[in-house]
Amino acid sequence: MAAEPRHRFLCQVADIPLGGARALALGPESKLFAVRTADSVHVYRNRCPHAGFELNWLPDRFLDHSGRYIHCQTHGALFEIDSGICLAGPCPGARLERVAVLERGGKLYLALDAGAARREPLSP
Ligand code: FES
């Protein structure tokens, strides 16, 4: 009997702009987004902890104008990219829901078994 897959392909890491973000949809009920920094990719559920709305109004627009923070466009909350913690806006201290991912060979996978999630260096 074949083992169940423990991860699911999301996208090529290169398809996420460096210093930018990209929406990832697993289905209508499961919307995620990824932010790619110089040394990592952070994936969160696209749901603001303030009032539960999706963060973006425009496709792939998850960052503020400086590119340093994740921005909820409904009421203006700003979140730290690395931690998902709200630093300013109506829900300070609240967190975006992080999603466990694997990075292998330039590909990004959803880790279905969170215990298996680990990070590997991004390809140059
Ligand atoms: S729903 Fe995001 S700040 Fe209110």
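Note that this is a predicted model, so its numbers are computed, not measured.

### As for the overall build of the protein
So, step 1. Helix and strand counts for the protein stand at zero helices and nine strands.
So, step 2. What you see in the protein, going N to C, is helices and strands ordered as β-β-β-β-β-β-β-β-β.
So, step 3. With 124 residues in all, the protein has 25% of them scored as buried.
So, step 4. Restricting the contact set of the protein to residue pairs at least 6 apart, pairs at least 24 apart contribute 41%.

### Overview of the sheet that holds strand β1 (residues 7-12)
In sheet architecture, strand pairing relies on hydrogen bonds along the backbone and comes in two forms, parallel and antiparallel.
So, step 1. In space, the three strands of this open sheet follow the order β1-β9-β8, with antiparallel pairing throughout. Each edge of the open sheet is held by one strand with a lone partner, namely β1 and β8 (101-104). Taken over all neighbouring pairs, the strand axes of this sheet differ in orientation by 30 degrees on average, direction set aside.
So, step 2. Alignment of β1 against strand β9 (residues 107-111), held across five bridges, turns out to be antiparallel. Among the inter-strand pairings, Phe9 is bridged to a residue of β9, identified as Tyr109.

### Some remarks on the nonpolar core
So, step 1. Counting 25 residues, the largest nonpolar core has Ala34, Val35, Phe62 and Ile70 as the members making the most contacts within it.
So, step 2. Elements with a minimum of two residues in this core: β2 (21-27), β3 (30-36), β4 (41-45), β5 (69-71) and β8.
So, step 3. Broken down by element, this core gets its largest block of residues, three residues, from β3.

### A closer look at the sheet that holds β5
So, step 1. Spatially, three strands are ordered β5-β6-β7 in an open sheet, and the strand pairing comes out antiparallel. This sheet does not close on itself; its edge strands, each paired only once, are β5 and β7 (86-88). Taking the axes of each pair of neighbouring strands and ignoring which way they run, one obtains an average angle of 40 degrees across the sheet.
So, step 2. By the bridge criterion, two bridges tie strand β6 (residues 78-80) to β7 in an arrangement that is antiparallel. Note that in β7 the partner of Phe79 across the bridge is Cys86.

### Focus: the pairing of β9
So, step 1. Where β8 meets β9, four bridges bridge the pair, whose relative direction is antiparallel. Opposite Val101, over in β9, you have Leu110 as the bridge partner.

### What to know about the pairing of β4
So, step 1. The pairing of β3 with β4 spans five bridges and is antiparallel. The residue of β4 that forms the bridge with Val35 is His42.
So, step 2. From the end of β3 to the start of β4, which pair antiparallel, there are four residues.

### Brief notes about the environment of Asp64
So, step 1. Looking at where Asp64 falls in the secondary structure, it is placed in the loop between β4 and β5.
So, step 2. Taking the number of C-beta atoms within 10 Å as the measure of exposure, Asp64 has 16 and is therefore partly exposed.
So, step 3. Sequence spacing of Asp64 and Phe79 is 15 residues, and the spatial spacing of their C-alpha atoms is 9.6 Å.
So, step 4. Every residue in contact with Asp64, bar those within four places of it in the chain, is listed here: Tyr69, His71 and Leu78.

The rules behind the values
- All residue numbers here refer to positions counted from 1 along the written sequence of the relevant chain.
- Totals for whole chains, interfaces and linings use every residue, but because this is a predicted model, local features are given only for residues with pLDDT of at least 70 and side-chain atom pairs only at 80 or more, for both listing and counting.
- Each helix is a run of DSSP H or I of at least 4 residues and each strand a run of E of at least 2, with the numbering of both proceeding from the N terminus.
- Three classes are used. A residue is buried when 20 or more other C-beta atoms lie within 10 Å of its own, exposed when 12 or fewer do, and partly exposed in between, with C-beta atoms placed from the backbone.
- C-beta atoms are first placed from the backbone for all residues, and any pair lying within 7 Å is then listed as a contact.
- Between any two strands, pairing holds if DSSP finds at least two bridges.
- Here an angle of 0 to 180 degrees is reported between the N-to-C directions of two axes, which are lines fitted to C-alpha atoms, with helices fitted over the stretch in contact.
- What we call a nonpolar core is a set of buried Ala, Val, Leu, Ile, Met, Phe, Trp, Tyr and Cys residues whose membership is set by joining through C-beta atoms within 7 Å.

From the geometry alone we can't say anything about function, so treat these as descriptive.
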